[in-house]
Amino acid sequence: MKKKLLAGIMAGIMALSLAACGSGSSSAPAAEEKQDAAGAATEAAAADDAGADTAAAADITTIADGVLTVGTSPDFAPYEFYYIDESGNPQLAGFDIALAQRIADNLGLELKVVPMDFDGILMELQNGNIDLGISGFSPSPERAETFDFSDLYYMGGQSFVIRVADKDKYTDYAAFDGLPVGAQTGSIQMGLAEENTPNANIIGLPKVTDLINELLSGKLEGAFIETAVAEQYIKNYPDLMIAWEVPYDTEGSAIALKKGNDGLREAVNGVIKEVLADGSMDEYIATAQDQASDEGNVYEGMLDENGEVQESADEAATEAAAE
Ligand code: ARG
């Protein structure tokens, strides 16, 4: 009962804060400015907005002929997650997936999305098993040494998440000295944890879903999570809250590519430019947020070998405790 009530209140607050985010941390304006500065290559790719012609015009190489293979970690609503359709089947959803589909369509390629843990994506890219990593990637300078990145398609920030019950106890990072603080393995949030809570017991977990479960069950005291994702989880788990925003130098999300795949990168930048300019990106974001807020029909994590959602032991325990 209490949970439901809180959920209602939180949903209201979230709706407000999402609306407020619309101008500040959403796609178009800021990302587009960077777009404009991105130079001649992008302009050339974008000059041709006639769908499949882009593929014909540019020199595009993909690992499988006629197919665009994309790696993603679907634990990251509203970027990527599973939405349970009317027949009860989990379908990949989120604005990254919509963007991937648009890129494939514009380039005249068939889209193949390969779900995997986040920390495997760059390796798969390096090994030539996927063409693109579309998974809310921050194009950090460290990564840019080894990988190429598209222009930015979304502007988001970073947050530190705690339990609502602890909000008076935890008012600064020093309070976390010696305590377990989490971040997703292989993410830039691990760096944020090391920088901001160097004396905490920093724990890397493969999925953001794991971070949420461990926060709920008390195994973690805090976690560094992308703001849009933290807001989305909090909407569905009102026992959690954003304690504060976390400054980070590399703003925004970009698509990761293997170094030197310039034809594909330019074509991708052309599509990004187009979706930012024609309002499609805002639509993808709105749809993703709507679906991600439909609590009963969202699944974040990997499917089992039968393509079914799997309930973790932690989740089952959390649900049992909430009854
Ligand atoms: N922006 C962060 C990074 O690039 C986190 C991305 C995590 N993405 C995901 N789908 N779990 O490291």
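Located above this text is the structure these notes cover.
Residues numbered from 1 in each chain as written. Predicted model: local features only at pLDDT ≥ 70, side-chain atom pairs only at ≥ 80, totals over all residues. Heavy atoms only, no water.

Thoughts on the packing of aromatic side chains
Taken as a whole and assessed by the stated rule, the structure comprises 14 aromatic pairs. Centroid distance Phe 160 to Phe 224: 4.7 Å. Interplanar angle 55°. Geometry classified as tilted. Taken together, the positions of Phe 160 in strand S7 (residues 158–163) and Phe 224 in strand S10 (residues 222–226) put the pair 64 residues apart, joining distant regions of the chain. Taken as a pair, Phe 160 and Phe 224 share a single burial class, namely buried. When the centroid spacing of 5.2 Å and the interplanar angle of 90° are considered together, the rings of Tyr 173 and Trp 244 count as edge-to-face. On the criterion of sequence distance, the pair formed by Tyr 173 in the loop between S7 and strand S8 (180–184) and Trp 244 in strand S11 (residues 240–246) is long-range, its members being 71 residues apart. (Phe/Tyr/Trp six-rings, centres within 6.5 Å; stacked < 30°, edge-to-face > 60°. Helix = DSSP H or I, 4+ residues; strand = E, 2+ residues; numbered from the N terminus. Buried < 20%, exposed > 50% of the residue type's maximum accessible area, 1.4 Å probe, protein only.)

Digging into the sheet that holds S8
An order of S9-S8-S10-S7-S11 is seen for the 5 strands of this open sheet, with the pairing classed as mixed. Every interior strand has two partners, whereas the edge strands, strand S9 (201–205) and S11, have only one. In this sheet, neighbouring strand axes are inclined to one another by 30° on average, regardless of whether the strands run parallel or antiparallel. Across 5 bridges, S8 lies against S9 in parallel orientation. Looking at the pairing, Ala 183 lines up with Gly 204 of S9. The sheet contacts of helix H9 (residues 208–217) involve S7, S8, S9, S10 and S11, and relative to S10 the element is tilted by about 150°. (Pairing = 2+ DSSP bridges. Axes fitted to C-alpha atoms, helices over the stretch in contact; angles between N-to-C directions. Contact = heavy atoms within 4.5 Å.)

Structural notes on empty space enclosed by the protein
The final tally for this structure, using the stated rule, is 2 cavities of 30 Å³ or more. Size it by volume and the largest cavity reaches roughly 90 Å³. When residues of the lining of the largest cavity are traced back to their parent elements, those giving at least two are strand S5 (132–137) and helix H8 (188–196). Looking at the lining of the largest cavity residue by residue, the class counts come to 4 nonpolar, 7 polar and 4 charged. Around the second largest cavity sit Phe 76, Gln 184, Ser 187, Gln 189, Val 208, Leu 211, Phe 224, Ile 225 and Glu 226, which together line it. Every element with two or more residues in the lining of the second largest cavity is listed here: H9 and S10. By residue number, the principal contributor to the lining of the second largest cavity is S10, which donates 3 residues. Of the residues belonging to the lining of the second largest cavity, the class tally is 5 nonpolar, 3 polar and 1 charged. (1 Å grid on protein atoms, 1.4 Å probe; cavity = no way out; pocket = protein on both sides within 12 Å on 5 of 7 lines; lining within 4 Å. Points joined across faces, edges and corners; volume = space filled by probe spheres on them. Nonpolar A, V, L, I, M, F, W, Y, C, P; charged D, E, K, R; others polar.)

Topic: the site of the ligand
Taken together, the neighbourhood of the ligand is formed by 15 residues, with Ser 135, Ser 138, Arg 143, Ile 188 and Glu 226 sitting nearest. Contacts to the ligand include Arg 143, whose side-chain N or O atom sits 2.7 Å from an oxygen atom. In isolation the ligand has 350 Å² of accessible area, and contact with the protein removes 100% of it. Assessed atom by atom at 2 Å from the grid points, the ligand resides in the largest cavity. Elements represented by at least two residues in the shell around the ligand include exactly S5 and H8. (Near = heavy atom within 4 Å. Polar contact = N/O pair within 3.5 Å; in protein donor to acceptor, adjacent residues only side chain to side chain. Areas by Shrake-Rupley, 256 points an atom, 1.4 Å probe, with all protein chains shown as cover. Sits in = over half its atoms within 2 Å of the grid points.)

Some thoughts on the pattern of salt bridges
Opposite charge on two side chains makes pairing possible when the charged atoms of those side chains draw close. Here the structure, examined in full by the defined rule, presents 9 salt bridges. Between Lys 207 and Asp 117 there is a salt bridge whose closest N-O contact spans 3.0 Å. Residue Lys 207 is located in the loop between S9 and H9, and its partner Asp 117 is located in the loop between strand S4 (110–115) and helix H6 (118–126); the two are separated by 90 residues in the primary sequence. Of the charged contacts, one joins Lys 259 and Asp 148 as a salt bridge, the two residues approaching to 3.0 Å between their closest N and O atoms. Of this pair, Lys 259 sits in the loop between strand S12 (254–258) and helix H11 (262–277) while Asp 148 sits in strand S6 (residues 147–149), and the two are 111 residues apart along the sequence. Overall, the relative accessible area of 15% leaves Asp 148 in the buried class. Within this structure, Arg 163, Asp 166, Lys 169 and Glu 221 form a network of salt bridges that share partners. (Salt bridge = Lys/Arg side-chain N within 4 Å of Asp/Glu carboxyl O.)

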